[in-house]
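Examination of the molecular architecture
Take a look at the letters that make up each chain.
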Amino acid sequence: METLYHQTNKQIQEVQSMMGNLERTDRQSVHLLENELQARIEQIFNHLERLQILASKEPPNRRQNAKLRVDQLKYDVQHLRTALQNFQHRRYAREAQDREREELLSRAFTTNDADTSIPIDETLQFNSSLQNAHSGMDDLLGSGTSILNGLKDQRSTLKGTHKKMLDVANMLGLSNTVMRLIERRATQDKFIMIGGMLLTCVFMFLVIRYLG
């Protein structure tokens, strides 16, 4: 029993050493190493079955200790087999992900005219829409500027007209009531002009905010 025990323990240590090379082995050779490890682990289990039989035949004073030693070897090799299975599962998952990634890339870069014409046409339409939107916004801004300039000119004209009317009224000797009516109308025109300017500014702000 002692000879087989030491031989099995040595095999377990060799498998542990080989397990450390799995991560460093290239993809083309890793499955060969996995097969060798699997074969060695199966051989160790065969030895353990033989050791269990021999341990049960030991003298009573040594039987319990012999079974404990065999159980320890069994625990070690089971741990190694679980580690190998986990590594294989991770490798299978990585290979599956690599295959899926390659398939996606091959479909994405297929030079099919029917496939590439759609995104190109959509891009051209999108650029054209952007250019039209910018052009429309420039036109709106230009119109707003023209409106503001027109309101400024209108204000200057109203001021000049108001002053001339006052001069004429003074020359003609119009009554105070007529003068107040003229001034009230000039004030109303002023408020109307200011309101128009504010509405124009608000309109231009909204255009820049939502179309810019």
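No experiment lies behind these values; they were computed from the predicted model shown.

Some points on the overall build of the chain
Helix and strand content of the chain: five helices and zero strands. Helices and strands in the chain line up, N terminus first, as α-α-α-α-α. Within the span of the chain, comprising 212 residues, buried residues form 21% of the whole. Considering only contacts within the chain whose residues lie at least 6 apart along the sequence, 73% involve residues at least 24 apart. Surface summary for the chain: the accessible area is close to 15600 Å², and the carbon and sulfur share equals 55%.

Some thoughts on helix α2 (residues 27-56)
Here α2 is 30 residues long and its end C-alpha atoms lie 44 Å apart, about the 44 Å a rise of 1.5 Å per residue gives. Taken together, the buried positions of α2 are occupied by Val30, Leu33, Glu34, Leu37, Ile41, Ile44, Phe45, His47, Leu48, Leu51, Leu54 and Ala55. If you check the start of α2, you find a side-chain oxygen 3.2 Å away from the backbone N of Gln28, and it comes from Asp26.

Observations regarding the pattern of salt bridges
Applying the stated criterion across every chain yields a total of eight salt bridges. Measuring nitrogen to oxygen at the nearest pair gives 3.0 Å for the salt bridge that ties Glu2 to Arg69. In this pair, Glu2 sits in helix α1 (residues 2-19) while Arg69 sits in helix α3 (residues 60-108), placing the two residues 67 residues apart along the sequence. Here Glu14 and Arg40 are joined by a salt bridge, their closest N and O atoms 3.0 Å apart. Note that Glu14 is positioned in helix α1 and Arg40 in helix α2, a separation of 26 residues in sequence. According to the relative accessible area criterion, Glu14 is partly exposed, its value standing at 31%. The class for Arg40 is partly exposed, based on a relative accessible area of 27%.

Side note on the packing of α1 against α2
Where α1 contacts α2, the two axes come as close as 10 Å, and the packing angle between them is 155°. It follows that α1 is roughly antiparallel to α2 by the angle criterion. In terms of crossing hand, the pair formed by α1 and α2 is left-handed. Taking contact as the criterion, the partners of Leu4, Tyr5, Gln7, Thr8, Gln11, Ile12, Glu14, Val15, Met18 and Met19 in α1 are, on α2, Leu33, Glu36, Leu37, Arg40, Ile41, Gln43, Ile44, His47, Leu48, Arg50, Leu51 and Leu54. Partitioned by chemical class, the residues of the contact of α1 with α2 number 13 nonpolar, five polar and four charged.

Digging into the confidence of the model for the chain
In this model, the chain carries a mean pLDDT of 75, and residues with pLDDT of at least 70 account for 62%. Segment residues 113-118: pLDDT under 50, and one contact once partners within four positions in sequence are set aside and those in other chains are kept.

Examining the nonpolar core
By size, the foremost hydrophobic cluster in this structure holds 24 residues, and its most contacted members are Leu22, Leu37 and Leu48. When contributions to this core are tallied by element, the ones reaching two or more residues are α1, α2 and α3. Top contributing element to this core by residue count: α2, with 10 residues.

Details of the packing of aromatic side chains
Throughout the structure, instances matching the rule amount to zero aromatic pairs. For Arg69, the ring lying beneath its charged end belongs to Tyr5, and the centroid distance is 4.0 Å.

Each value, and the rule that gives it
Counting of residues starts from 1 at the beginning of each chain's written sequence and follows it residue by residue. Given that the model is predicted, a residue must reach a pLDDT of at least 70 before its local features are reported, and side-chain atom pairs must reach 80 or more before they are shown or counted; all residues, however, enter totals for whole chains, interfaces and linings. Side-chain numbers here rest on the full set of heavy atoms in the structure, without hydrogens or water. Note on conventions: DSSP H or I runs of at least 4 residues are helices, E runs of at least 2 residues are strands, and numbering of each starts at the N terminus. The buried label goes to any residue with under 20% of its type's maximum accessible area, the exposed label to any with over 50%, and the partly exposed label to all in between, with areas taken from a 1.4 Å probe on protein chains only. By definition, residues are in contact when any of their heavy atoms lie within 4.5 Å. Surface accessibility follows the Shrake-Rupley procedure with a 1.4 Å probe radius. Residue values consider only the protein chains on display as shielding. For a helix, the expected span equals 1.5 Å multiplied by the residue count minus one. Whenever two N or O atoms come within 3.5 Å, that pair is a polar contact, provided that in protein one can donate a hydrogen and the other can accept it, and provided that, for residues adjacent in sequence, both atoms are side-chain atoms. Counted as salt bridges are all cases of a side-chain nitrogen of Lys or Arg within 4 Å of a carboxyl oxygen of Asp or Glu. Angular values range over 0 to 180 degrees, each being the angle between N-to-C directions of two axes fitted as lines to C-alpha atoms, with helices fitted over their stretch in contact. Angular relationships are summarised with four words: roughly parallel below 35 degrees, roughly antiparallel beyond 145, roughly perpendicular across 65 to 115, and oblique for the angles in between. By convention, the crossing between two helices is left-handed when the near helix turns anticlockwise from the far helix through less than a right angle, and right-handed when the turn is clockwise. Charged means Asp, Glu, Lys or Arg here, nonpolar means Ala, Val, Leu, Ile, Met, Phe, Trp, Tyr, Cys or Pro, and polar covers whatever is left, Gly included. As a per-residue measure, pLDDT reflects the predictor's confidence and takes values from 0 up to 100. In this description, a nonpolar core means a group of buried Ala, Val, Leu, Ile, Met, Phe, Trp, Tyr and Cys residues linked to one another through side-chain atoms lying within 4.5 Å. Here is the rule: rings of Phe, Tyr and Trp (six-membered ring for Trp) pair when centre to centre is within 6.5 Å. Planes less than 30 degrees apart are stacked, more than 60 are edge-to-face, and the remainder are tilted. Whether a charge sits over a ring comes down to the Lys NZ or Arg CZ being within 6 Å of the ring centre and within 35 degrees of the ring normal.

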